[in-house]
Amino acid sequence: MTSAPPGGRGEVGLFVTCLVDLMRPSVAFSSIRLLEAAGYTVVVPEAQTCCGQPGYNAGDTRSARTLARKVIREFERFDHVVVPSGSCAGMVRVHFPELFVDDPAWHARAGALAARTYELTQFLVDIAGMTQAPGGFSGSVAYHDSCAGLREMGVKRQPRLLIDSMPDVRRVELRECEECCGFGGLFSVKYPDISGAIVQRKCEHIHASGAYAVALGDLGCMMNIEGRLRRTGDGLTQVIHVAELLAGE
Amino acid sequence: MEIRSMHFVDRVRERLDDPELQRNLKRTRGRNAAARAASLGGLDDFDAVRARATEIRASVLRDLDLWLERFEREATARGATVLWAHDGDEACRLIIDIARRHDVRSVVKSKSMVSEEAGLNAALEAAGIRPVETDLGEYILQINDNEPPSHIIMPVIHKSREQVTELFARVHGTEPKTDIEALTREARERLRPAFLGADMGLSGGNFLVAETGSVAIVTNEGNGRLCTTMPRVHVALTGIEKVIPTLDDLATLLRILPRSATGQAISNYVSLLTGTKHDGDADGPAHMYFVLVDGGRADLVGSDFEPMLRCIRCGACMNHCPVYQTVGGHAYGWVYTGPMGSVLTPLFQGIGNARDLPQAATLCNQCGVVCPVSIPLPDLMRKLREKQVERGMRPWTERLAMRAWAWAAARPWAYSACARAAVRYLCWLAGGRASIPVMGLAPGWTSQRDFPAPAARTFRDMYARQRRGRAS
Ligand code: SF4
């Protein structure tokens, strides 16, 4: 099941996430490239699906628990689990243990997995010690901190460090980069008016930054921002996942 | 106050379409958040103070009845009377009784959100007693036909100076004044006779100190001081959860409350009021009452929602909320707004009366991060969503979609078939374009933005193909 060439630093399990699987496979391929460049062997468990976050946030705890057990079973054999999404990583790290507070056996398993689960750039910098991103990309890039990556996982410094290591990338400041983009999962569909007004503000800041591309670490937020940019007539500003940016072509 | 939260979606639309409100929201946006951030530097260890404040509030709630009894004992020993109100209506009745007993014709009020909960002004007026709001913001709202506040500590944050200029000129019949100082002076001139003539002062209470039976009031205008010392009768109206054990605890909470609220190291006034006027005292009321309201609070003790009772009403959560800052406080439809309102309103007014509030949040957790007493607001909103699901309050389309997704995601074969079909469908909709402008299945999404087109195949298909290629 491993991707060639086998890395010498051991195996990591890649949790692709359902949105990446469905919408943007290049994010997963870029993640594999980055992890391999860091010397790891990447394993992609085939039966993986979704972390259960949509149901969890909608108040459907029962189905969230079912899916959490599935993820735990599939990934608990790895020393490290890497997720190219701050919010799905946050689901495993923060919310899986909460789901099983009344179930000691599963609580322990959830806690053990949570402790070994990382957002992609967090793993690359904090665990793998990567200081130089392998990809080539040229242009100015603004980085947006997606909420769960920032506030649940503590991802802030890591993507910036790697972006700054790329010789042809100029990172520009994005005003209110820690403010929510207004995605919020089903929120964006249930309350489109509010969500639209919030993402509009984000797009205005992106334009004001003058960046050629905006990079971020969560596909939901990417689709929200890209969709709004396109809707408002901006066909140019690239919306790129940080994995795609760092791995480059 | 009558609840209108069931009309949230319509109220939001109206407010998004109100250019003046949108301008005002933009102008004030981020201001309090920036002030808060700047002021935290004045604390040598914010996290430690926050942890201490959290523990003080949490420990009180563990023995709420005992602390309230202690408070009642100490306050009574100092000449005050402590009355308990089951709900807002009872609080109004008790206060009207007090007014009648002491022959009160007019009441000066400093800020009290519980008074808004109870609809006290309307009740007083119906009883022939004239209430006068003396907090400048509340005064503005009162003369604007009793408009409700849109923020718990800055009740008129939704209004521009120009709107106040116009309002004062119209109601006071004076020349329009644009300068804030002149406007404030004009309000003062109106309020002075009210202070001098009032028989009763009504205040809220930021904290009730159990060991001394005192109420602590945090204000910036000094009106609280006048309300509580000049009239013969002082009534402090607040919620039962506001009790804290000691003056030391008060000192800790005062280090974090004004900083979280307005970014001040300390508010302009902190009043600590204890008992009635005694011989030799320069001022103070001859009669002092506490009206402590349950209003749904006691039921939360020991429940999943107990952490919400730690709230010290600083407003930081709304000052940092992307939704609040986009739609303003009135959209929420009741006394409490923003994230804390989205939790409190359904708990106090019935989950069914405020279904949208806990749903209309992105769960970005800015609120949870800034809350000075560490209330996990997004978790509590999620718990309220759970309650809605348990009680069958969600629309059938949402329930069906959730169940179908959970069913498929638990079965890899079904999931991958669905994923493949979804990608094919979306690619067909995109028809070669980079994004989809209209999508029947999620009209909410495409009413505001395009839906980016997916790649031609799912990752799992591409990956399997690649690996087969390598193997052969
Ligand atoms: S919930 Fe927290 S942040 Fe919001 S008003 Fe209460 S104490 Fe302040």
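Residues numbered from 1 in each chain as written. Chains lettered and ligands numbered in written order. Predicted model: local features only at pLDDT ≥ 70, side-chain atom pairs only at ≥ 80, totals over all residues. Heavy atoms only, no water.

**Some details on the confidence of the model for chain B**
In step 1: For chain B, the mean per-residue pLDDT works out to 95, and 100% of the residues sit at or above 70.
In step 2: Interface confidence for the predicted complex, expressed as ipTM, amounts to 0.95; the pTM equals 0.96. (pLDDT = per-residue confidence, 0-100.)

**Section: the pattern of salt bridges**
Side chains carrying opposite charge are able to pair once their charged atoms draw close together.
Residues and elements named next belong to chain B.
In step 1: This model, assessed by the stated rule, comprises 36 salt bridges over all chains.
In step 2: A salt bridge links E138 to K111; the nearest nitrogen and oxygen atoms lie 2.9 Å apart. With E138 in helix α9 (residues 136–143) and K111 in the loop between β2 (106–109) and α7 (113–118), this residue pair connects regions lying 27 residues apart in the sequence.
In step 3: Overall, K111 belongs to the partly exposed group, its relative accessible area being 22%.
In step 4: Notably, a salt bridge pairs R420 with D461, separated by 2.8 Å at the nearest N-O pair. (Salt bridge = Lys/Arg side-chain N within 4 Å of Asp/Glu carboxyl O. Helix = DSSP H or I, 4+ residues; strand = E, 2+ residues; numbered from the N terminus. Buried < 20%, exposed > 50% of the residue type's maximum accessible area, 1.4 Å probe, protein only.)

**With respect to the site of the ligand**
In step 1: Taken together, 13 residues are adjacent to the ligand, and C311(B), C314(B), G315(B), C317(B) and C371(B) come closest.
In step 2: Partitioned by chemical class, the residues of the shell around the ligand number eleven nonpolar, one polar and one charged. (Near = heavy atom within 4 Å. Nonpolar A, V, L, I, M, F, W, Y, C, P; charged D, E, K, R; others polar.)

**Observations regarding helix α4 (residues 61–75) of chain A**
The periodicity of an α-helix, 3.6 residues per turn, causes residues three or four positions apart to be oriented the same way.
In step 1: Over its 15 residues, α4(A) extends 21 Å from the first C-alpha to the last, a length consistent with the 21 Å expected when each residue adds 1.5 Å.
In step 2: By the burial criterion, the buried members of α4(A) are T61(A), S63(A), A64(A), L67(A), A68(A), K70(A), V71(A), I72(A), E74(A) and F75(A). (Expected span 1.5 Å × (residues − 1).)

**A word on the domain arrangement of chain A**
Residue and element names in this part refer to chain A.
In step 1: What the domain assignment lists for chain A is domain 1 (11–125) and domain 2 (131–247).
In step 2: Distance from the C-alpha centre of domain 1 to the C-alpha centre of domain 2: 22 Å.
In step 3: Taken together, the contacts link 30 residues of domain 1 with 27 residues of domain 2.
In step 4: Interface of domain 1 and domain 2: buried area, both sides summed, is about 2,100 Å²; carbon and sulfur atoms make up 69% of it.
In step 5: Looking only at domain 1, the three residues that lose the most surface to domain 2 are R24, T121 and V125, adding up to 26% of its buried area.
In step 6: Put simply, domain 1 and domain 2 have two salt bridges between them.
In step 7: With a shortest N-O distance of 3.2 Å, R24 and E226 are connected by a salt bridge. (Domains from an automatic or database assignment. Contact = heavy atoms within 4.5 Å. Buried area = accessible area lost by both parts, 1.4 Å probe.)

**Regarding the packing of aromatic side chains**
In step 1: Under the defined criterion, the tally for this structure stands at 21 aromatic pairs over all chains.
In step 2: Measuring from centroid to centroid gives 6.1 Å for Y191(A) and F8(B), while their planes differ by 75°, and the two rings are edge-to-face. With Y191(A) in the loop between α10 (187–190) and α11 (192–209) and F8(B) in helix α1 (residues 8–16), this residue pair bridges two chains. Grouping residues by exposure puts Y191(A) and F8(B) together as buried.
In step 3: Ring centres 6.2 Å apart and planes at 80° place the aromatic pair Y139(B) and F168(B) in the edge-to-face group. A residue pair is termed long-range when its members are at least 10 positions apart, and Y139(B) in helix α9 and F168(B) in helix α10 (residues 161–172) qualify at 29 residues. Residue Y139(B) shares its accessibility class with F168(B), and that shared class is buried.
In step 4: It is R69(A) that lies over the ring of W106(A); its NZ or CZ is 5.6 Å from the centre.
In step 5: When the ring centre of W445(B) is taken as reference, the NZ or CZ atom of R449(B) above it lies at 4.4 Å. (Phe/Tyr/Trp six-rings, centres within 6.5 Å; stacked < 30°, edge-to-face > 60°. Lys NZ or Arg CZ within 6 Å of the ring centre and 35° of its normal.)

**Observations regarding unusual backbone geometry**
All names here are of chain B.
In step 1: Phi at D145 takes a positive value of approximately 60°, unusual for a residue other than glycine.
In step 2: Along the chain, the position of D145 falls in the loop between α9 and α10.
In step 3: The residue R313 is not glycine, and still its phi comes out positive at about 55°.
In step 4: Within the secondary structure, R313 is located in the loop between β10 (287–293) and α14 (316–319).

**Observations regarding the nonpolar core**
In step 1: With 111 residues, the main nonpolar core has F290(B), V291(B) and M340(B) as its most contacted residues.
In step 2: If you tally residues by element for this core, the top one is helix α6 (residues 88–101) of chain B, at seven residues.
In step 3: Discounting chain neighbours no more than four positions away, the residues touching F290(B) are F71(B), A75(B), A80(B), T81(B), V82(B), L83(B), L208(B), G213(B), S214(B), V215(B) and A236(B).
In step 4: Judged by nonpolar contacts, the second largest core, of 100 residues, contains F75(A), W106(A), L229(A) and V239(A). (Core = buried A, V, L, I, M, F, W, Y, C linked by side-chain atoms within 4.5 Å.)

**As for the domain arrangement of chain B**
Residues and elements named next belong to chain B.
In step 1: Once the domains are mapped, chain B shows domain 1 (8–42 + 315–343 + 350–394), domain 2 (44–298) and domain 3 (401–471).
In step 2: Computed from C-alpha coordinates alone, the two centres of domain 1 and domain 2 are separated by 24 Å.
In step 3: In this complex, domain 1 contributes 29 residues to the contact, which on the side of domain 2 involves 29 residues.
In step 4: The junction of domain 1 with domain 2 conceals about 2,500 Å² of combined surface from both sides, 54% of it contributed by carbon and sulfur atoms.
In step 5: Taken together, domain 1 and domain 2 are joined by zero salt bridges.
In step 6: Linking domain 1 with domain 2 are twelve residue pairs in polar contact (both at pLDDT 80 or more).
In step 7: Looking at the side of domain 1 that touches domain 2 residue by residue, the class counts come to 14 nonpolar, twelve polar and three charged. (Polar contact = N/O pair within 3.5 Å; in protein donor to acceptor, adjacent residues only side chain to side chain.)

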